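Notes for the structure review
Here are the chains, one letter per residue:
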Amino acid sequence: MLVSVATAVPIFTPFLLLFIYMVVFLTGYKNQKISSGFGDAPLWATVSGISTSVVALILSTKEGLISLPVLIIPILLTIISAIWLFSSRDRI
């Protein structure tokens, strides 16, 4: 069923991955800011990138559900956010 939706609406899979990324990022950042008074954006960008990459890799097991560029973008986003995390000035 999901493959037929992805073939009928090609933007479905990228928007699904964007939704997962934003939900993890915004909820994690907001909850950390509420509990500790400080939200660590590089950390949550990396965590949401990893979770989105895992979902994209799982979706890639079904043929026709995800294309190669859509699979590569979350992985590159994870690498970029990890570089941002480890190069942050307030890290010790």
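Before any of the text, the structure's been laid out above.
Residues numbered from 1 in each chain as written. Predicted model: local features only at pLDDT ≥ 70, side-chain atom pairs only at ≥ 80, totals over all residues. Heavy atoms only, no water.

Some remarks on the environment of Met 22
With respect to the element layout, Met 22 can be found in helix H2 (residues 12-36). Accessibility expressed as a relative area gives 34% for Met 22, which makes it partly exposed. When the C-alpha atoms of Met 22 and Ile 34 are compared, they prove to be 18 Å apart, with twelve residues separating the residues in sequence. (Helix = DSSP H or I, 4+ residues; strand = E, 2+ residues; numbered from the N terminus. Buried < 20%, exposed > 50% of the residue type's maximum accessible area, 1.4 Å probe, protein only.)

So, the packing of helix H3 (residues 41-59) against helix H4 (residues 68-86)
Running from N to C, H3 and H4 cross one another at 155°; their axes reach a closest spacing of 8 Å. Taken together, H3 and H4 sit at an angle that is classed as roughly antiparallel. Every pair of crossing elements has a handedness; the one defined by H3 and H4 is left-handed. Of the residues in H4, those in contact with Ala 41, Pro 42, Leu 43, Ala 45, Thr 46, Gly 49, Ile 50, Thr 52, Ser 53, Ala 56 and Leu 57 of H3 are Leu 71, Pro 74, Ile 75, Thr 78, Ser 81, Ala 82, Trp 84 and Leu 85. (Axes fitted to C-alpha atoms, helices over the stretch in contact; angles between N-to-C directions. Parallel < 35°, antiparallel > 145°, perpendicular 65-115°, else oblique. Left-handed = near helix turned anticlockwise from the far one by under 90°. Contact = heavy atoms within 4.5 Å.)

Overview of the layout of surface pockets
The computed volume of the largest pocket comes to approximately 210 Å³. Residue lining of the largest pocket: Pro 14, Phe 15, Leu 17, Leu 18, Tyr 21, Thr 52, Val 70, Ile 73, Pro 74 and Leu 77, and that is the complete set. Secondary-structure elements contributing two or more residues to the lining of the largest pocket are H2 and H4. At five residues, the largest contribution of residues to the lining of the largest pocket is made by H2. Among the residues forming the lining of the largest pocket, the class breakdown is nine nonpolar, one polar and no charged. (1 Å grid on protein atoms, 1.4 Å probe; cavity = no way out; pocket = protein on both sides within 12 Å on 5 of 7 lines; lining within 4 Å. Points joined across faces, edges and corners; volume = space filled by probe spheres on them. Nonpolar A, V, L, I, M, F, W, Y, C, P; charged D, E, K, R; others polar.)

Brief notes about the side chain of Ser 48
On the secondary structure map, Ser 48 appears in helix H3. Discounting chain neighbours no more than four positions away, the residues touching Ser 48 are Tyr 21, Val 24 and Phe 25.

Things to note about a nonpolar patch on the surface
Together, Leu 57, Leu 68, Ile 72, Ile 75, Leu 76, Ile 79, Ile 80 and Ile 83 line one region of the surface with nonpolar side chains, adding up to about 740 Å² of accessible area. At seven residues, the largest contribution of residues to the nonpolar patch is made by H4. Checked against the element boundaries, Leu 68 lands in helix H4. Residue Leu 68 is classed as exposed on the basis of its relative accessible area of 57%. (Patch = residues over 30% accessible without salt bridge, like charges linked within 9 Å, V, L, I, M, F, W, Y side chains within 5 Å. Areas by Shrake-Rupley, 256 points an atom, 1.4 Å probe, with all protein chains shown as cover. Salt bridge = Lys/Arg side-chain N within 4 Å of Asp/Glu carboxyl O.)

Some points on the packing of H2 against H3
Two elements in contact, H2 and H3, have axes separated by 9 Å at closest approach and are oriented at 150°. In terms of orientation, H2 lies roughly antiparallel with respect to H3. Read as a crossing pair, H2 and H3 show a hand that is right-handed. Each of Thr 13, Leu 16, Leu 17, Ile 20, Tyr 21, Val 24, Phe 25, Gly 28, Tyr 29 and Gln 32 in H2 lies in contact with H3, whose residues at this interface are Ala 41, Leu 43, Trp 44, Ala 45, Val 47, Ser 48, Gly 49, Ser 51, Thr 52, Val 55, Ala 56 and Leu 59.

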